[in-house]
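Structure assessment
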Amino acid sequence: MSETLRQLEPQLSVQPSSQPEPERQLQPPPLFQLAVPTQDPPTPRQQTQLQSELQLSESNPEHQTKPAWINHRKLLLFLLGFSLCAAILGLSYYMHHSLQNRSNKQAGSETPCLSPACQRASARLSTSADHFTRPCDYFLVTCGSDRLSTDSVGRQLGQGIPGQPQNQEEKVMWPERRGQSKKREDRRVDRKSVLLQYLREILESNDRPGSTAAQKAKGFYHSCLDTKSIDTAGAEPFLTLIQKLGGWAVSGQWNRTDFNSTLSLLMRDYATFPFFSLHMGKHPNETAHRTAKRYIQIDQPELLIPTEWNSKTQKSQANTQTLRPFLASCQRYLALLGAPPSSSMIHVGTFISLSSELAVAAAPLRYRLSKGQLYQRMTIKELQSQAPAIDWLGCLQAAFHPLPLVEDDHVLLHNLAYIVQMSRIIGKWLNKHELRSSGPLHTYMVFYLLHTLMPALDSRFSETAKNLSVALGNSEGEVPRWKHCVLETERGFDLVLSELLIQRTAHREAEEIIQNIFSFFKSKLRELMGTDQKSLQFVMKKVHSLIPRLWTTKEISSEADLDLLFSKVTVSTRGFFSNYVQLLSVWQKRRSQLLTEQTDATDILSVTPLLLGNELRFPVGMFVPPFFHPTYPRAMNYGAIAFLMAKDILHLILSDIYSQSETVYAVGECVWAHYLAVTQKTGRGRAFSLSAAQQQEVWVQYSALQIALQAYHQSLKNHPGDTSISGLSHTRLFLTSFSQVNCDSDPYRKFMPLEPSFLITVICAKSNLCPTSLQCHNKTQQHLLQPC
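Sequence order as written defines residue numbering, which begins from 1 separately in each chain. With the structure being a predicted model, the display of local features is reserved for residues of pLDDT at least 70 and the display and counting of side-chain atom pairs for 80 or more, all residues being used for whole-chain, interface and lining totals. Each side-chain value is derived from all of the structure's non-hydrogen atoms; neither hydrogens nor water enter the calculation.

Comments concerning the packing of helix H11 (residues 212–225) against helix H23 (residues 481–504)
For clarity, the threshold we go by: Only the contacting stretch of a helix is used when fitting its axis, a line to C-alpha atoms as for every element, and angles between N-to-C directions run 0 to 180 degrees. The secondary structure listing takes helices from DSSP runs of H or I that are at least 4 residues long and strands from runs of E that are at least 2 residues long, numbered from the N terminus. If an angle is under 35 degrees, it is roughly parallel; if it is over 145, roughly antiparallel; if it lies from 65 to 115, roughly perpendicular; otherwise it is oblique. We call two residues in contact when some of their heavy atoms are within 4.5 Å. Three classes are used: nonpolar for Ala, Val, Leu, Ile, Met, Phe, Trp, Tyr, Cys and Pro, charged for Asp, Glu, Lys and Arg, and polar for all others, with Gly counted as polar.
Running from amino to carboxyl end, H11 crosses H23 at an angle of 175°, the nearest separation of the two axes being 9 Å. By the angle between their axes, H11 is roughly antiparallel relative to H23. Along its contact with H11, which presents Ala213, Ala214, Lys216, Ala217, Phe220, Tyr221, Cys224 and Leu225, the element H23 presents Arg481, Trp482, His484, Cys485, Val486, Glu488, Thr489, Phe493, Val496 and Leu500. Per-class residue counts for the contact of H11 with H23 are 13 nonpolar, two polar and three charged.

See the structure below:
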């Protein structure tokens, strides 16, 4: 077991017996040993005395007649010995249960946490299974369920253990396991969804009015929830907007506006990029410099038409089966916008034809990476000469107004071949005299504007988009309206929500957890035996140079700055479309600011730590209930958020070296041996051996639990005393909190061969840290195993 558990065992362990070592290995755990009295053999002096008495009795007839009590001496001695044994057994039983229950009753002497957050946490714990009351079934509870099923019990009795499918029998077991998890309550935790739920509570709260910007953010959110008003407005708001753009040929009313003028207007006021996309960022070769310049980055757009990559021709192409539902959706959109059926097919046909030509020039990211097509640097003037159909300087000046861009400014391109071909296609369509009256390029841009504003339109448009998604094979469930509205509010008011989140985050408590976890993470590096020393020293040098800190935004310094940024936004409680359009212009302003600012923009929806230069940043979005709350007992905070933080750091920093470590292999196999012992599968031998990826994930999660436990005990040393919830002892509350969040839906979940909750069984198997033994005593093999 870890160094921490060895250090803590002397404080809590029961004194070992004096039996010889071979016999001790066959005894039950110390807490369950009863003190049975033994009868010592008679000494030589006692034997001599006894023989003399017998000889005297035989030689003296007067002593042959004994009193009645002497005749019943054996019976009396037997009753006396039995009473003595019963008394000793009873005393031992009482002492054992007193010691065992002392830690369980410890929380009763602590101050209970009565805050609203703790009361909600207590209610949540009361509805969850208490695995400490049934340790023999603990390993059966999966992340797909909080209850046991007859199927899972049957798996215990011999139907197989989920693991690496290295043989035919186990390959059959995996589908069965997946099918069972669908039938039961899902316990998996999605940290992103938890954060969105917390933001929802902030937006729906009736707190003090706060800043004007905060009030506008809440008003925007509630106007998004008002689907009745949105459906009542129908398509009229979008049709009015089309008229502001000069109309379109679909309705028969089009002012034949200039192509580049319309494109610049869409980019500036409506964040719509039909033919290419714009990003801001640093060049990867310059990221080592803290003052690295940010560049305008130009890429291929998000194509509306569904395509597939042909590996033989190395070209994108449209699929006939997907074109039909796409064609139907385009026709439906035009019908909702009141287009005459007689002309709809012509406009849909030209839109699909133009889309197909542009799609052929596009390429997936993996192909462009392999061809070295990313981050190609050139000036705006050079780009203009290679793709002359677009007024690059005019469009970029509109998109980044009021920045003073000039032709000699550099930009980065991620698919120059597409940009050049796109320019040729646009030039060809502009010169088609027979199509000038139908305005195919203008109609194409209006379709993209519709796509941009789709979230603000009535349910008929979203239903059409959903039907197309289903027809294309996407099986994702429908997003709840509240979640959709939180995401849309975050897109426009991310700085406001970030400020509200920061105000509710207890910085001191969060920073303390960050520092404690990082400190014990560094000590965990020393346990990586067998690792290439050069690689290990490099990583340790890198780790010791890192500065862990809470990641908060530096873009806005006060509520007054936020109010100024959103001063021109007028939020109507029943006009979500107009609210949405106003925010598109706000995004344009933010885009211009991000290009010139040296600080990195904070991602409010980030829920995992990240490395930026020499800083290890922990987003404030990590520190939300039920993972963390400043009024929670520290045992809860360390059992939940501290474990997740430790796991994230191990994955983030040590991924390159722990595959070489003997420690990782040993710990992984040790934990797996405990699992096999409890499930009575040790006879299967190597049939269920772990792969390297599984060993690494077992080590990561087990080490993360150890680090969190070490950090918690260090916190208790620094600040003695802790509050309690539901009358649980500190360690039990820590482990219970861990059991609530260990089903984390991260990308590494697929490599975990057992349920993370079983790690509690392993960490408690040879340690008196746990308030109640989690050893399964009707399984006779686990207590024989070595600690991990």
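Quick look at the packing of helix H10 (residues 191–204) against H23
At a minimum axis separation of 9 Å, H10 and H23 run at an interaxial angle of 75°. As judged from the angle between their axes, H10 and H23 are roughly perpendicular. Each of Ser193, Leu195, Leu196, Gln197, Tyr198, Leu199, Arg200, Ile202 and Leu203 in H10 lies in contact with H23, whose residues at this interface are Trp482, Lys483, Val486, Leu487, Thr489, Leu497, Leu500, Leu501 and Arg504. Across the contact of H10 with H23, the residue classes break down as 12 nonpolar, three polar and three charged.

So, the state of the cysteines
Just so we agree on the cut-off: The definition used for a disulfide is geometric: two cysteine sulfur atoms within 2.5 Å. Between buried and exposed lies partly exposed: a residue is buried under 20% and exposed over 50% of the maximum accessible area for its type, with that area taken using a 1.4 Å probe on protein chains only.
Under the definition given, this model contains three disulfides. What pairs with Cys670 in a disulfide is Cys788, and their sulfur atoms sit 2.0 Å apart. When the S-S torsion is -85°, as for the bridge of Cys670 with Cys788, the disulfide is left-handed. Taken together, the residues Cys670 in helix H29 (residues 662–678) and Cys788 in the segment after helix H32 (758–765) connect sequence positions 118 residues apart. Each member of the pair Cys670 and Cys788 is classed as buried.

Details of the pattern of salt bridges
Where we set the bar: Here, a salt bridge means any side-chain nitrogen of Lys or Arg that lies within 4 Å of a carboxyl oxygen of Asp or Glu.
Applying the stated rule across the entire model yields 16 salt bridges. Among the ionic pairs, Lys428 bridges to Glu357, the shortest N-O distance being 2.7 Å. Pair noted here: Lys428 is in helix H20 (residues 416–430) and Glu357 is in helix H16 (residues 341–361), with a separation of 71 residues, a long-range link. According to the relative accessible area criterion, Lys428 is partly exposed, its value standing at 40%. Through salt bridges with shared partners, one network takes in Arg549, Glu615 and Arg617.

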